[in-house]
Amino acid sequence: ALFISTQPIPLFRTPTTPFTMMRFQARRLFQQCNTINQRFYTTELKTILANKLPERVREVKEFRAEYGNRVLTEATIDMAYSGMRGIKSLVTETSVLDPNEGIRFRGLTIPECQERLPKAKDGEQPLPEAMFWLLITGDVPTQSQTDALSKELHKRAVIPDTVYNIIDQLPQNLHPMTQFSTAINLLQQDSQFAKAYRNGCPKAEYWEHAFEDSLDILAKLPHVASAIYRNVFKDGKRIAPDTNLDWAANYAHMMGFDSKEIYDCFRLYLSIHTDHEGGNVSAHTTHLVGSALSDPYLSLSAGMNGLAGPLHGLANQEVLRWLKEIQARLAKKGKELNKENLSAEIWETLNEGRVVPGFGHAVLRKTDPRYQCQREFALKHMKDYPLFQLVDMVYQIVPGILTEQGKTKNPFPNVDAHSGCLLQYYNISEEDYYTVMFGVSRAIGCLSSLVIDRQLGLPLERPKSLSTEKLKEMAPKLKVAQ
């Protein structure tokens, strides 16, 4: 009898012998047959979504019929030139960001999610699988529902060997985010949405195929992301998954990090980075591309390209580099770390015309709750870590300095001001990889919203644009904003 392994073959290339060809064909057969098992695991979650759909569609239809002609926002010419900041023009069900309260995931704050969402048996942080369930359904899952979803993701995590083969051939100096986006596009060969659309599936069924693709993508992302990490920063040998671990812990394991603490760090990190309403670059790009009925693979890959930008997902790297620069400058001057010396260095940064990275936010006007929960984790697990002590002292000093400078509406830290510190403590020191981890997490929110988009039948997004010449023509006739 031929042994059929569902695990990736380390450094497996194109089959070249009869035996490896048999294994290749057998594994692909296993993958196809495994869809029968998948249907068992997805029944409950998919049934819940299907049962909620008529009421959700009715609610939106009635709401639009009654209030569809009401003015939602006032857009000024300045807003058009300023990244559309403050223009309320998107519908995103999964989360809402309040300037003074922070993010709420389906109405729940981060502390409430930490309290109410199911956890691993030996963990204290919420499971990202539970966060996905919450975002896509609006309900807090039970422990058994979350555990079943974990098993589901393990079963779906079969990566075609052709994908691994191409990932292995990518240049090591190619940025990890470029490799990550490439890997998602390579996985698109198995898109159920694309296949169903080609076969003329009814519009009412689009969401079902988007849902299946979304689960497949979430199952596979930790595998390709960890393979990229092992190729670029380690010895290139992949680590087999541990199906006894949850989604986040298994990701850490496949990267090469195994401890109770780091598993919980990954659960926290991958839960709080999932979603931040719909206007951020990665979420909006995924939604925009998806509105053209591009399948979830193509849509998410586009979103990840946006996340790779320095003003979005790369921000935590900039924070970490600035912190290390401060440490080096103090050491070079022979000065100890204290509030007086640190204040002088921060003022020097500002006087050079630079910003303090990790502070301020386009929407928030208070300390980011995602920063707070990371700080609480650090106080429990690494309070004596020198880099955390620097991060904590910066937190105590910078808001006052930025307020005194008077150039920012929000002088408080955001999520990026802390996340790099946690990863550094656990010896994940490769800063160029941090955005990949961010992307693995953000996929949960982006894909949840994409399924909901298809459920509601949202149309192609096509805002109207104007030239400066046209605006000049219109401007004298426009009223002044109040």
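What you see is a predicted model, and the numbers here were worked out from it, not measured in a lab.

1. Brief notes about the side chain of Thr-109
- Topologically, Thr-109 is positioned in the loop between β2 (102–105) and α3 (110–116).
- When its relative accessible area of 16% is taken as the criterion, Thr-109 is described as buried.

2. A few points about the nonpolar core
- If you look at the biggest cluster of nonpolar residues, it comprises 118 residues, and the most contacted ones within it are Phe-180, Val-224, Tyr-251, Phe-266, Leu-300 and Ile-346.
- Per-element tally for this core: the top contributor is helix α9 (residues 206–233), with 15 residues.

3. Side note on the confidence of the model for the protein chain
- When pLDDT is averaged along the protein chain, the result is 90, and 91% of the positions lie at 70 or above.
- Below pLDDT 50 for its whole length, residues 28–41 participates in 17 contacts with residues either more than four positions away or in separate chains.

4. Regarding helix α17 (residues 386–405)
- With 20 residues, α17 should reach 28 Å at 1.5 Å per residue; the first-to-last C-alpha distance of 28 Å fits that figure.
- Taking the largest bend as the criterion, α17 deviates by roughly 35°, centred on Ile-397, and proline Pro-399 comes between one and four positions later.

5. Comments concerning the packing of aromatic side chains
- Per the counting criterion, the structure on display carries twelve aromatic pairs.
- In this structure, Arg-238 is placed above the aromatic ring of Tyr-164, and the distance from its NZ or CZ to the ring centre is 3.8 Å.

6. Section: the pairing of strand β1 (residues 95–98)
- Only one face of β1 is buried, namely the one carrying Ser-95 and Leu-97, since none of Val-96 and Asp-98 on the opposite face is buried.
- Inspection of the sheet shows β1 paired to β2 by four bridges, in the antiparallel sense. The residue bridging Ser-95 from the neighbouring strand is Phe-105, located in β2.
- Taking the residues between adjacent antiparallel strands as the criterion, β1 and β2 are bridged by three residues.

7. Re helix α5 (residues 143–156)
- For α5, built from 14 residues, the straight-helix expectation of 20 Å at 1.5 Å per residue is met to within 8% by its first-to-last C-alpha distance of 20 Å.
- Among all positions in α5, only Gln-145, Thr-146, Leu-149, Ser-150, Glu-152, Leu-153, His-154 and Arg-156 are buried.

8. With respect to the packing of helix α11 (residues 260–272) against helix α19 (residues 434–456)
- Packing of α11 against α19 brings their axes to within 7 Å, and their N-to-C directions diverge by 65°. The interaxial crossing formed by α11 with α19 has right-handed handedness. Each of Phe-266, Tyr-269, Leu-270 and Ser-271 in α11 lies in contact with α19, whose residues at this interface are Tyr-434, Met-437, Phe-438, Val-440, Ser-441 and Ile-444.
- Looking at the contact of α11 with α19 residue by residue, the classes come out as eight nonpolar, two polar and no charged.

9. Re the pattern of salt bridges
- Scanning all chains against the criterion turns up 32 salt bridges.
- A salt bridge links Asp-246 to Arg-267; the nearest nitrogen and oxygen atoms lie 2.7 Å apart. Of this pair, Asp-246 sits in the loop between α9 and α10 (247–255) while Arg-267 is found in helix α11, placing the two residues 21 residues apart along the sequence.
- Two residues, Arg-370 and Asp-368, come together in a salt bridge whose shortest N-O distance is 2.7 Å.
- The network of salt bridges with shared partners includes Glu-325, Arg-329, Lys-333, Glu-345, Glu-348, Glu-352 and Arg-354.

10. Considerations on the environment of Leu-245
- Within the element layout of this structure, Leu-245 appears in the loop between α9 and α10.
- Residue classification places Leu-245 among the buried residues on the basis of a relative accessible area of 15%.
- A C-alpha to C-alpha distance of 9.3 Å links Leu-245 and Lys-151, two positions 94 residues apart in sequence.
- Setting aside its immediate chain neighbours within four residues, Leu-245 contacts His-154, Asn-250, His-253 and Tyr-263.

How each quantity is defined
- Residues numbered from 1 in each chain as written.
- Predicted model: local features only at pLDDT ≥ 70, side-chain atom pairs only at ≥ 80, totals over all residues.
- Heavy atoms only, no water.
- Helix = DSSP H or I, 4+ residues; strand = E, 2+ residues; numbered from the N terminus.
- Buried < 20%, exposed > 50% of the residue type's maximum accessible area, 1.4 Å probe, protein only.
- Core = buried A, V, L, I, M, F, W, Y, C linked by side-chain atoms within 4.5 Å.
- pLDDT = per-residue confidence, 0-100.
- Contact = heavy atoms within 4.5 Å.
- Expected span 1.5 Å × (residues − 1).
- Bend = angle between axes of the 7 residues up to and from the residue.
- Phe/Tyr/Trp six-rings, centres within 6.5 Å; stacked < 30°, edge-to-face > 60°.
- Lys NZ or Arg CZ within 6 Å of the ring centre and 35° of its normal.
- Pairing = 2+ DSSP bridges.
- Axes fitted to C-alpha atoms, helices over the stretch in contact; angles between N-to-C directions.
- Left-handed = near helix turned anticlockwise from the far one by under 90°.
- Nonpolar A, V, L, I, M, F, W, Y, C, P; charged D, E, K, R; others polar.
- Salt bridge = Lys/Arg side-chain N within 4 Å of Asp/Glu carboxyl O.

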